[in-house]
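Here's the letter readout for the chains.
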Amino acid sequence: MSGQHHEHGHDHAHSHNHSSNKKILLFSFIIITGYMFIEAVGGFITNSLALISDAGHMLSDSIALGIALLAFTFGGKAADATKTFGYRRFEILAAILNGVTLIGIALYIFYEAIQRFANPPEVATVGMLIISVIGLLINILVAWMMMSKSDTEKNLNMRGAYLHVISDMLGSIGAIAAALLMMFFGWGWADPLASVIVAVLVLRSGFFVTKSSLHVLMEGTPKSVNMEEIVQTILQVDGVQGVHDVHIWSITSNYNALTAHIVVDGSMDVYGTEALIHKIEHMLEHKDIKHVTLQVESEKHMHDSSVLCTLKADAPDAHAHHNH
C-alpha cells in the first residue's frame, strides 16, 4: 500500500502564464539588447563610466533575458526516462547564472570607479544626459510590462530578469543625476559615484537571486511553505495516526513537492486509504504543494517516528528506510 501518488495541476492557467511570460521576455530582450548597443557606443563617445556601467548592466539584462527565454523553452520539454521531472530545473540554473553575472559586473564597475575617482576624466555631459534619459524610459517600459503582464512574484526566473531591469532603471537615474551635477557644478567625481551606486544595486540583486537559486538547488524547504503547518494539516485528517520522514522541496519556481510516510489503522482497505490520500492531497494543494507522494503504513510498522528523516552518512544505503 506504499507509494500512493497524485499530482494536482491547473494546466490551462500554467500554460497561459508560461505563454505570457515568454512573450514579455522576448519583447523585453529585443528592446534591451538594441538599446544596450546604443548606450555602450554612447558611453565610449561621451567617456562616461556611468553610461558604460549602465550599458554593462544592460548587457547582463540582455544575457539574463536570453537565458530566461531558453529556460522557458527547455523547461517546457516533456519528462523522459532519464529526466523524470523533465527540464523544469533548467530555470533555476538560468537564475543562478543570472545572479553570478550580476555579481561579476558589480565588481568590475567598482574596480573601474576607484581609478576614476583618483583621476576624473572629461565627460561629454549633454550626450550622456540624452542617452541616459532614453535608457530610463526604455527600462520603465520594460519593467512596467514585466510587472503588469507576467509572473514576477512566483517565478524565480522572471523575478531575476525583473530585478535586472529595475536596478538598471536606477542606474539610468544615477547617470542622469551625474550628468546634471557635472553640467551645473562641474563635479567630475559624480560620474564614478553614480557608477558605484549602480554597482551596489547590481550586487544586491545578484546576491539575492543567487541565494534563492542555491536554496532550491540544495533542496531547501520553500519559503512559502511552513513545515510544522504542513505536518499538522496531515495529522488533522481523520484516519491519520502519525506522520514521519517528511521531505518538502521545490522542483522549480512555484512547483513544490512533498514526500512523507503516514500511519493508518492496519484494518483500513485500499479504497479507504485512497480516499484518505486524495483528501490530504487536496488540502496540501491549498498549501502550495503540487506534487505529493505518500507512503502508507500500519500502526504495527516499526519505524522511527521523527518528522524529519535522519539519514546517516556512513550507512551502506542512506535511502533504505529501515536504517532511518
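How each quantity is defined
Residues numbered from 1 in each chain as written. Predicted model: local features only at pLDDT ≥ 70, side-chain atom pairs only at ≥ 80, totals over all residues. Heavy atoms only, no water. Helix = DSSP H or I, 4+ residues; strand = E, 2+ residues; numbered from the N terminus. Buried < 20%, exposed > 50% of the residue type's maximum accessible area, 1.4 Å probe, protein only. Contact = heavy atoms within 4.5 Å. Areas by Shrake-Rupley, 256 points an atom, 1.4 Å probe, with all protein chains shown as cover. Phe/Tyr/Trp six-rings, centres within 6.5 Å; stacked < 30°, edge-to-face > 60°. Expected span 1.5 Å × (residues − 1). Polar contact = N/O pair within 3.5 Å; in protein donor to acceptor, adjacent residues only side chain to side chain. Core = buried A, V, L, I, M, F, W, Y, C linked by side-chain atoms within 4.5 Å. Salt bridge = Lys/Arg side-chain N within 4 Å of Asp/Glu carboxyl O.

A word on the overall build of the protein. Scanning the protein from terminus to terminus reveals 8 helices and 4 strands. Listing each helix as α and each strand as β along the protein from the N terminus yields β-α-α-α-α-α-α-α-β-β-α-β. Here the protein holds 324 residues, and the buried ones make up 45% of them. Pairs at least 24 residues apart make up 74% of the contacts formed inside the protein by residues separated by at least 6 positions. Within the structure as shown, the protein displays about 16,300 Å² of accessible surface, and the carbon and sulfur contribution to it stands at 66%.

On to the packing of aromatic side chains. This model, assessed by the stated rule, comprises 3 aromatic pairs. With a centroid separation of 4.8 Å and an interplanar angle of 25°, the aromatic rings of F185 and W187 are classed as stacked. Taken together, a centroid distance of 5.2 Å and an interplanar angle of 15° make the contact between W187 and W189 stacked. Residue classification places W189 among the partly exposed residues on the basis of a relative accessible area of 39%. Cluster of aromatic residues (ring-pair linked, three or more members): F185, W187 and W189.

What follows deals with helix 8 (residues 270-285). The end-to-end C-alpha separation of helix 8 is 22 Å, in line with the 22 Å expected for 16 residues at 1.5 Å each. Among the residues of helix 8, T273, L276, I277, I280, E281, L284 and E285 are the ones counted as buried.

Looking at the secondary structure, you find S250 in strand 2 (residues 240-252). Within the structure, S250 has its side chain in polar contact with the side chain of N256 (distance 2.9 Å). Contact partners of S250, with chain neighbours within four places excluded, come to R89, V216, G220, P222, Y255 and N256.

This part covers the nonpolar core. Formed by 35 residues in total, the largest nonpolar core has its most connected members in L25, L65, M128, V142 and M146. Going through the elements one at a time, helix 1 (11-46), helix 2 (49-75), helix 4 (125-149), helix 5 (156-185) and helix 6 (190-217) are the ones with two or more residues in this core. Take this core: its biggest share by element is 10 residues, from helix 5.

The phi dihedral of N47 falls on the positive side, at around 65°, and the residue is not glycine. Here N47 shows up in the loop between helix 1 and helix 2. Residues other than glycine seldom take positive phi values, yet D288 does so here, at roughly 75°. By the secondary structure assignment, D288 is in the loop between helix 8 and strand 4 (291-298).

According to the stated counting rule, one finds 3 salt bridges in the structure shown. Close ionic contact of K290 with D288 constitutes a salt bridge, the shortest N to O distance being 3.9 Å. Of the residues examined, K290 reaches a relative accessible area of 22% and is grouped as partly exposed.

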